Amino acid sequence: MVDRLVNSEANSRRIAIVESCFGSSGQPLAVPGRVLVGEGVLTKMCRKKPKPRQFFLCNDILIYGNIVINKKKYNCQHIIPLEEVKLESLEDEGQFRNGWLVRTLTKSFAVYAATAAEKAEWMAHINKCVDDLLKKSGKLGATDHAAVWVPDTEASGCMHCKKSQFTLINRRHHCRKCGKVVCGPCSNKKWVLPSQSSKPLRVCLSCYDELSRAKTDDSRLGDNRDIRPAHQSSVDSSSDESDDDVSNGNAAAQEEPNITQFYRKSAADSGDAPAPTAPPAADAATEGHY
């Protein structure tokens, strides 16, 4: 059972190592009841191109960060509460294989594993953790997830007006509502999207019109939901930059093999899915199962 790992020395040591790898730039991770379920390198589709990211799965959160020195130092830590996560498998397409979408309230993105077996293992573990959390809390899973951003490389021109071509001067922007790549004039509006941020966010003209109509309809029906436009002002293009686009500090960090390690047995292991990689011998006696 999971209780076997909660208070184990091996689990405490693993979490302490993750904390030390992020250093002062990361948040404290050692909290009562938290278990580090697994870790490994996945390829995350970032705004400009796919990049390797180190992922850590706990029984309540998903953590990922940029690799500075493999297994030793990471930065740009992101922590996602699992209660708001929904996974969606992706079909293989060209060089992008063994992928799935990680949908959350504030940010959604695609990740890719090295093999189909690794993909199945990651998805099974994450879904198991999400199901356990929701059952324990009695909550329903989140339904309003952020849009997945279209990568810059997939849009040479504005996806709204279909006329403007992107150049060094005419920059790409992303609509926070639909995720499309649009030009500045087609995304000069802002709207408060409460599930993503309390601050006004850039949206394309189509989404702005859609949100405006929804607000008008809700007002007529007496719905007081927090759907509102922002006061119009200049849109700060710097806010479009994501720390996911920060390059890894050490190119050599990517030369080591991408090893995924799980410390608990997944529900997928009962039949078709392959078994996870065996844990280090020193920790084998402390391992638990779902």
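Visitor: Looking at this model, I keep getting lost on the pairing of strand E6 (residues 99–103). Mind explaining?
Guide: Here is the key point about a regular strand: its side chains alternate between the two faces of the sheet. Where burial is concerned, most of E6 is hidden: four out of the five residues are buried. One ladder, built from four bridges, connects E6 with strand E7 (residues 109–112); its direction is antiparallel. From the neighbouring strand, Gly 99 faces E7, where its bridge partner is Tyr 112. What sits between the antiparallel neighbours E6 and E7 is a turn of five residues.

Visitor: Can you help me understand the pattern of salt bridges in this one?
Guide: A pair can form between side chains of opposite charge whenever their charged atoms are brought close. The tally for this structure, following the rule as stated, stands at six salt bridges. Here Lys 139 ties to Glu 83 by a salt bridge, and the two come within 3.4 Å at their closest N and O atoms. Taken together, the positions of Lys 139 in the loop between helix H3 (116–137) and strand E8 (173–174) and Glu 83 in the loop between strand E4 (73–81) and strand E5 (86–89) put the pair 56 residues apart, joining distant regions of the chain. One salt bridge connects Glu 88 with Arg 103, and the closest N-O pair in it is separated by 3.0 Å. Separated by 15 residues along the polypeptide, Glu 88 in strand E5 and Arg 103 in strand E6 bring together distant segments of the chain.

Visitor: What should I look at first to understand the side chain of Arg 202 in this one?
Guide: Here Arg 202 shows up in strand E11 (residues 200–203). The exposure class assigned to Arg 202 is buried, which follows from its relative accessible area of 4%. Of the polar contacts made by the side chain of Arg 202, one reaches the side chain of Ser 187; its length is 3.0 Å.

What counts as what
Residues numbered from 1 in each chain as written. Predicted model: local features only at pLDDT ≥ 70, side-chain atom pairs only at ≥ 80, totals over all residues. Heavy atoms only, no water. Buried < 20%, exposed > 50% of the residue type's maximum accessible area, 1.4 Å probe, protein only. Helix = DSSP H or I, 4+ residues; strand = E, 2+ residues; numbered from the N terminus. Pairing = 2+ DSSP bridges. Salt bridge = Lys/Arg side-chain N within 4 Å of Asp/Glu carboxyl O. Polar contact = N/O pair within 3.5 Å; in protein donor to acceptor, adjacent residues only side chain to side chain.

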